[in-house]
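# Breakdown of the fold
Chain by chain, the residues run as shown.
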Amino acid sequence: MPENIKPIQKILFGSPGTGKSYQIREIARDKLGIPLDDTTHTVKTVFHPEYTYADFMGKLLPLTQGNSIIYKFYPGHFIRILGMAYQGLIDGKKDHYLLVIDELNRGNAAAIFGTVFQLLDRESDGWSSYEVDVSDMELVGLLEAMRLKTIIQDGTIEIKEGKTKIPCEDFCQQKVHQLLASKNSDGSRVFSLIQHRRIKIPYNLSILATINTSDESIYYLDSAFKRRWDWEYVKAPHGSDINIPEKFLDVKLIINGDEQETWLYYIVGINELIKSNYQVIRRIEDKQIGWWFIKPENGKVDLNQVKDKLMFYLWDSVFSRDKRPLEQFLSTPNQPSVKLTGYSDFIELTEEFMMKVYNIGKENVRVIIRREDFEDYNDFENDTDFFDKNSGS
């Protein structure tokens, strides 16, 4: 894996379906040298309202063995990846390791991180500026994550090597001297911390998280927590600055089994509709949709998928405060005063709604295309090189 890589501590935020999770995979591969879905270097978790500090650091759970019950400590997601990163340093590897936290703001992040929050401050060498103490159980979980065999004897943590049992402090002291002698200062630093029952985040451990900013049933992130991260906005497809993933070039909307227009125009049109109603929609950047809001199946998006997911999202989340923009948008010379008294009224007009947003999207994308100096629109539709050059995939 690449050397001299700086650790990344970043939150990717944006509207639903913009590909935040996919972008994390690209960052892992391109910037950290971690292959996609490499479980030997990556630990993934999802925060939710019931996720706790114990899930993050580790917890003691009962385990039935025959007629008896024993208690076993299960390392949490953070302890597991920290142990993997520590072991990499001890082994003298140049590998990097990654903790991925999806839906960071759906859990109480401040409570989940607890004292680990202090470790998010980093020095120029990539190590945490501060260190925090860990409990005996957390220390055991960390040692096991480092592939060390531990035994607790009379309240003392011991390391088992073959048939020999060595108290943890003595074992760490031996390793400090051995690794210093072999000029492995990083590995020596790890055991020096463990000897004193303390931890730091090392330079070979990155943390990437995602936030779905449209989710209103979330926990508040305070400014002290926010400032310890880099932030990257993942833009929804709209306006004149647009990258179209190659996978969406041939995706079509299907109505009653019949193929309609290219799906990308509908997405752009919906976002332009949302933008145009900025006066009644709070935080319009959070309410728009990404390419992956509805995942195509075999290059198709069925109208039933639109009804089941998109239309309800627009009704319940985007235009929840005021339905008048939808009524005005759906009104026509033949039906000048559409009234949407309930969701059923809106869902019955799905086809008409999609036709209107398609027209907006097509016109908007045409503006983008003209900037590429295509002499004829038909030439553009047949020119896949354009999409290859501007693909966001």
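Refer to the structure presented above.
Just so it is clear, the structure is predicted and the values come from calculations on it, not from any experiment.

Moving on to the sheet that holds strand 1 (residues 9-14). Spatially, 2-5-11-1-12 is the arrangement adopted by the 5 strands of the open sheet, whose pairing is parallel. Of all strands in the sheet, those with a lone pairing partner are strand 2 (42-46) and strand 12 (230-234), marking the two edges. Neighbour-to-neighbour, the strand axes of the sheet open up by a mean angle of 20 degrees, direction not taken into account.

Glancing now at the packing of helix 3 (residues 77-90) against helix 5 (residues 136-145). As a packed pair, helix 3 and helix 5 sit with axes 7 Å apart at the nearest point and diverge in direction by 50 degrees. What the angle tells us is that helix 3 and helix 5 run oblique. For helix 3 against helix 5, the interelement crossing comes out right-handed. The segment helix 3 lies against helix 5, with Ile 79, Arg 80, Leu 82, Gly 83, Met 84 and Tyr 86 engaging Glu 138, Gly 141, Leu 142 and Ala 145.

Attention now goes to the sheet that holds strand 7 (residues 149-153). Here 3 strands make up an open sheet; going across it, the order is 7-8-9 and the pairing antiparallel. Looking along the sheet, the strands with just one partner apiece sit at the ends: strand 7 and strand 9 (164-167). Ignoring which end each strand starts from, the neighbouring axes of this sheet average 40 degrees apart. Where strand 7 and strand 8 (residues 156-161) come together, 5 bridges link them in antiparallel fashion.

With that settled, consider the packing of aromatic side chains. Under the defined criterion, the tally for this structure stands at 24 aromatic pairs. Judged by centre distance (6.3 Å) and plane angle (90 degrees), the ring pair of Phe 113 and Trp 229 falls under edge-to-face. You can see Phe 113 sitting in helix 4 (residues 109-113) and its partner Trp 229 sitting in the loop between helix 8 (223-226) and strand 12, a full 116 residues away along the chain. A connected cluster of aromatic rings, assembled from ring pairs, spans Phe 47, Tyr 51, Phe 56, Phe 78, Phe 113, Phe 117, Phe 225 and Trp 229. Stacked on the ring of Trp 315, the Lys or Arg Lys 323 has its end atom at 4.5 Å from the ring centre. Directly above the aromatic system of Phe 329 lies the positively charged group of Lys 356, at a separation of 5.7 Å from the ring centroid.

Conventions and cut-offs
- Residues numbered from 1 in each chain as written.
- Predicted model: local features only at pLDDT ≥ 70, side-chain atom pairs only at ≥ 80, totals over all residues.
- Heavy atoms only, no water.
- Pairing = 2+ DSSP bridges.
- Helix = DSSP H or I, 4+ residues; strand = E, 2+ residues; numbered from the N terminus.
- Axes fitted to C-alpha atoms, helices over the stretch in contact; angles between N-to-C directions.
- Parallel < 35°, antiparallel > 145°, perpendicular 65-115°, else oblique.
- Left-handed = near helix turned anticlockwise from the far one by under 90°.
- Contact = heavy atoms within 4.5 Å.
- Phe/Tyr/Trp six-rings, centres within 6.5 Å; stacked < 30°, edge-to-face > 60°.
- Lys NZ or Arg CZ within 6 Å of the ring centre and 35° of its normal.

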